[in-house]
Amino acid sequence: MEIVRGVSIKNIFLDNKNWHDFFCDNKDNLRTAITDNVLKMLSCKTHLMGYHKYVCPKCKDHYRVVNHTCKSRFCSSCAKKATDEWINKSNDKLPNTLWQHITFTLPDIYWNLFWLNRDLMGIVCKIAADIIKKIADDRNIDIGIFLVIHTFGRDLKRNYHIHLSVTLRGMCKDKKKIKKIYFDHQLLKNKWKYCITNFLRKRYKSGNLNLPKSWHRFNSILNENYKKQWVVHLGKPCKHEKNINYLGKYLKRPPIGEARIKSYNGNNVSFDYLDHYDKKIKTVIILAIDFIKRLICHIHDKHFRVIRYYGILSNRRISKDLPIFNKLLEIENQKPEKKNYNKEKISFRSMFIKAFAKDPLECPKCKISMLQSIVCYFDKLLLRSLHKQIAQKIV
């Protein structure tokens, strides 16, 4: 079969009944979140997701049917809009000051623990935030933190790590002035290693930890890895826009951008990635089924929060303390930068006009805007009942 370039993830799932065959062989072991998100992605922009129908109010001969999108994080087609919306919202929400991006990683032998104990993904990220908060509390200041839970490496293999961003200015506990803060690299590494190891020991003693088959000597493995260097990377201080734009790429899209998929020939998928160790671009060639396996294991369960906020930015404090913090920052900066972000709601119509310089709802005959006529919403139960037909490209 001739190599197809610029292929989409959706096409790989549908071609040769790849997803259908994989689903039939593994349906008893697949989490509901995986099935739901793949099903939404396969049905995106089809009549199965529902639609809006627009009719010209004057000539009534022209109409346009706009199929709904699935809005799944697993859908690359919906990722651009979701990413832009999050970036716009976060640029207005986060304090206008210097931030530091800190990456907390774990030894690779620990990664499988998070797939056998998925609740750890939400617990361990709080440990990272608590380490930063404790350092700030010891200096009698409050800081703002937001972090992103990341489960994959650039080669799509399992790699649980945490991207955390923290303000390098804090508000004194009396809420009257601003203080600078910095974080010692070695101190963070030592605290991170100690807290994670101590947490896993307690969890194991409680009998509430599923272990990989290779973990016959639990305490020995912890002791061996405690002696190693754990990687905690501190980025250079920067404005919050840089952190937001960087992390936005990972929040609202599948584990791989489709631009990185080099080719697909009906059997194998090849994609490029940058190796962090030698800084070289490398190519991975794997079977389509294995490509699917690598992608779907990173789909989170429903209601799982990939991004979390702590300190001044926590839900409990943001409405009361963030305005005070922002005001103190303005006093310190004297001439604060004015934010000029686009607050306009991103819609199908605005995206179409931006991309093609043409209004999709303009009547081609009388040049006036079409009006909404019919709205049809999708039926989740219907989608599930049609799963087999969708996977076989019958519908």
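From a predicted model like this one, the values you see are computed outputs, not experimental measurements. Going along each chain's sequence as written, the residues are numbered from 1 onward. With the structure being a predicted model, the display of local features is reserved for residues of pLDDT at least 70 and the display and counting of side-chain atom pairs for 80 or more, all residues being used for whole-chain, interface and lining totals. Hydrogen atoms and water are omitted, and side-chain values are computed over all heavy atoms in the structure.

A.B. asks: Explanation requested: the overall build of the protein chain in the structure shown.
C.D. replies: The way it works is that DSSP assigns letters per residue, a run of H or I at least four long becomes a helix, a run of E at least two long becomes a strand, and they are numbered from the N terminus. From N to C terminus, the protein chain includes 14 helices and 15 strands. Reported as C-alpha extents along the three principal axes, the dimensions of the protein chain are approximately 70 × 60 × 40 Å. Between buried and exposed lies partly exposed: a residue is buried under 20% and exposed over 50% of the maximum accessible area for its type, with that area taken using a 1.4 Å probe on protein chains only. With 395 residues in all, the protein chain has 47% of them scored as buried. Every residue pair with non-hydrogen atoms within 4.5 Å of one another is taken to be in contact. At a minimum sequence separation of 6, the contacts of the protein chain that also span at least 24 residues come to 73%. Using a 1.4 Å probe, the Shrake-Rupley method yields the accessible areas, and only the shown protein chains count as cover for residues. Summed over its atoms, the accessible surface of the protein chain is roughly 21800 Å², and 51% of this surface lies on carbon and sulfur atoms.

A.B. asks: Quick question: what am I supposed to make of the sheet that holds strand β12 (residues 268–274) here?
C.D. replies: Sheet strands pair via backbone hydrogen bonds, and the direction of the pair is either parallel or antiparallel. Here we have three strands laid out as an open sheet, ordered β11-β12-β13, and antiparallel in their pairing. Where the open sheet ends on each side, the last strands, each with one partner, are β11 (261–264) and β13 (281–287). Going from strand to strand, the sheet's axes swing by 20° on average, the running direction of each strand aside. In this structure, β11 lies alongside β12, joined through three bridges in antiparallel fashion. The residue of β12 that forms the bridge with Y264 is V269. Strands in contact with helix α10 (residues 288–296) are β11, β12 and β13; relative to β13, the strand with the most contacts, it is inclined by about 110°. A pair of strands counts as paired when DSSP detects no fewer than two bridges linking them. For helices, the fitted axis covers only the stretch in contact; all axes are lines through C-alpha atoms, and the angles between them, taken along N-to-C directions, range from 0 to 180 degrees.

A.B. asks: Sorry if this is basic, but what is going on with the sheet that holds strand β8 (residues 178–180) here?
C.D. replies: Strand order across the open sheet formed by three strands is β4-β7-β8, with antiparallel pairing between neighbours. Edge positions in the open sheet fall to β4 (141–142) and β8, since each of these has one partner strand only. In this sheet, β8 lies alongside strand β7 (residues 169–172) in antiparallel orientation, the contact comprising three bridges. Opposite M171, over in β8, you have I178 as the bridge partner.

A.B. asks: Just to check I follow, could you spell out the side chain of D15 for this structure?
C.D. replies: Here D15 lies in the loop between α1 (9–14) and α2 (18–26). Once residues lying within four places of it in the same chain are set aside, the contact partners of D15 are Y264 and G266.

A.B. asks: What's the story with the pattern of salt bridges in this structure? I'm lost.
C.D. replies: When a carboxyl oxygen of Asp or Glu lies within 4 Å of a side-chain nitrogen of Lys or Arg, that pair is called a salt bridge. Tallied over the entire structure, the rule returns 14 salt bridges. The residue K133 makes a salt bridge to D130 at a minimum N-O spacing of 4.0 Å. One end of the pair, K133, and the other, D130, are both in helix α6 (residues 120–138), three residues apart, so they sit about a helical turn from each other. Relative accessible area serves as the criterion here: at 28%, K133 is assigned to the partly exposed category. Three or more residues are tied together by salt bridges with common partners; here these are D137, D142, K173, K175, R317 and D321.

A.B. asks: Hey, could you run me through the packing of aromatic side chains in this one?
C.D. replies: Aromatic pairs are defined between Phe, Tyr and Trp rings, using the six-membered ring for Trp, whenever the two ring centres lie within 6.5 Å; interplanar angles under 30 degrees are classed as stacked, those over 60 as edge-to-face, and all others as tilted. What the rule picks out here adds up to 14 aromatic pairs. Judged by centre distance (6.2 Å) and plane angle (55°), the ring pair of F271 and F291 falls under tilted. Taken as a pair, F271 in strand β12 and F291 in helix α10 lie far apart in primary sequence, 20 residues in all. Taken individually, F271 and F291 each receive the classification buried, so the pair is uniform in this respect. Aromatic ring contacts, followed pair by pair, group F13, W19, F22, F23 and F74 into a single cluster. Charge over a ring is defined by NZ of Lys or CZ of Arg lying within 6 Å of the ring centre and within 35 degrees of the ring normal. In this structure, K53 packs its charged tip against the face of Y63, placed 4.6 Å from the ring centre. The cationic tip of R308 hangs over the ring face of F304; the distance from NZ or CZ to the ring centre is 5.1 Å.

A.B. asks: In this structure, what is going on with the nonpolar core? I would like to understand it.
C.D. replies: Proteins that are soluble and globular tend to have nonpolar side chains buried together. Counting residues in hydrophobic clusters, the biggest one holds 45 residues, and the most contacted among them are I132, Y160, I162, L164 and W192. Of all elements in the fold, only β3 (98–104), α5 (111–116), α6, β5 (144–152), β6 (158–167), α7 (185–205) and α8 (218–226) reach the threshold of two or more residues within this core. Top element by residues in this core is α6. It accounts for 11 residues. In these notes, a set of buried Ala, Val, Leu, Ile, Met, Phe, Trp, Tyr and Cys residues joined through side-chain atoms within 4.5 Å is what counts as a nonpolar core. Membership of the second largest hydrophobic core comes to 40 residues, among which are M41, L42, F74 and F291.

A.B. asks: Hey, could you run me through the state of the cysteines in this one?
C.D. replies: Disulfide: a covalent bond connecting the sulfur atoms of a pair of cysteines. Put simply, a disulfide is two cysteine sulfurs that come within 2.5 Å. Within the structure shown, the criterion is met by zero disulfides. Here C297 is not cross-linked by a disulfide; its sulfur's nearest cysteine counterpart is in C125, at 18 Å.

A.B. asks: Whenever I open this one, empty space enclosed by the protein confuses me. Can you help?
C.D. replies: If you roll a probe as big as a water molecule over the atoms, it shows you where there is empty space left. Here a cavity denotes grid points, spaced 1 Å and computed from the protein atoms alone, that fit a 1.4 Å probe unable to get out, and a pocket denotes an open set having protein on both sides within 12 Å along at least 5 of 7 lines; residues with an atom within 4 Å of a point are the lining. Grid points are joined across faces, edges and corners, and a volume is the space filled by probe spheres set on the points. Inspection of every chain in the model, using the stated rule, returns two cavities of 30 Å³ or more. For the second largest cavity, the full set of lining residues is L106, L113, F114, L120, V124, I196 and L200. Of the residues that constitute the lining of the second largest cavity, the class distribution is seven nonpolar, no polar and no charged. The nonpolar class holds Ala, Val, Leu, Ile, Met, Phe, Trp, Tyr, Cys and Pro. Asp, Glu, Lys and Arg form the charged class, and all remaining residues, Gly among them, are polar.

A.B. asks: Quick question: what am I supposed to make of the environment of L30 here?
C.D. replies: With respect to the helices and strands, the residue L30 is situated in the loop between α2 and α3 (32–43). In this structure the C-alpha to C-alpha distance between L30 and N112, which are 82 residues apart in sequence, comes to 17 Å. Those residues in contact with L30 that sit more than four places away from it in its chain are W19, F22, F23, T35 and I296.

A.B. asks: Sorry, what's going on with the packing of α2 against α10 here?
C.D. replies: Between two packed helices, what matters for the description is the angle formed by their axes and the separation of those axes. Relative orientation of the contacting elements α2 and α10 amounts to 70°, with a least axis distance of 10 Å. One element, α2, and the other, α10, form an angle in the roughly perpendicular class. As for the relative orientation of α2 and α10, their crossing is right-handed in sense. Note on element contacts: α10 touches α2 through A288, I289, I292, K293 and I296, opposite N18, W19 and F22. Considering only residue class, the contact of α2 with α10 consists of six nonpolar, one polar and one charged. In this scheme, roughly parallel covers angles under 35 degrees and roughly antiparallel covers those over 145, while 65 to 115 is roughly perpendicular and the rest are oblique. Each crossing gets its hand from how the near helix is turned against the far one by less than a right angle, where anticlockwise is left-handed and clockwise is right-handed.

Without other data, these values stay purely geometric and don't point to any function.
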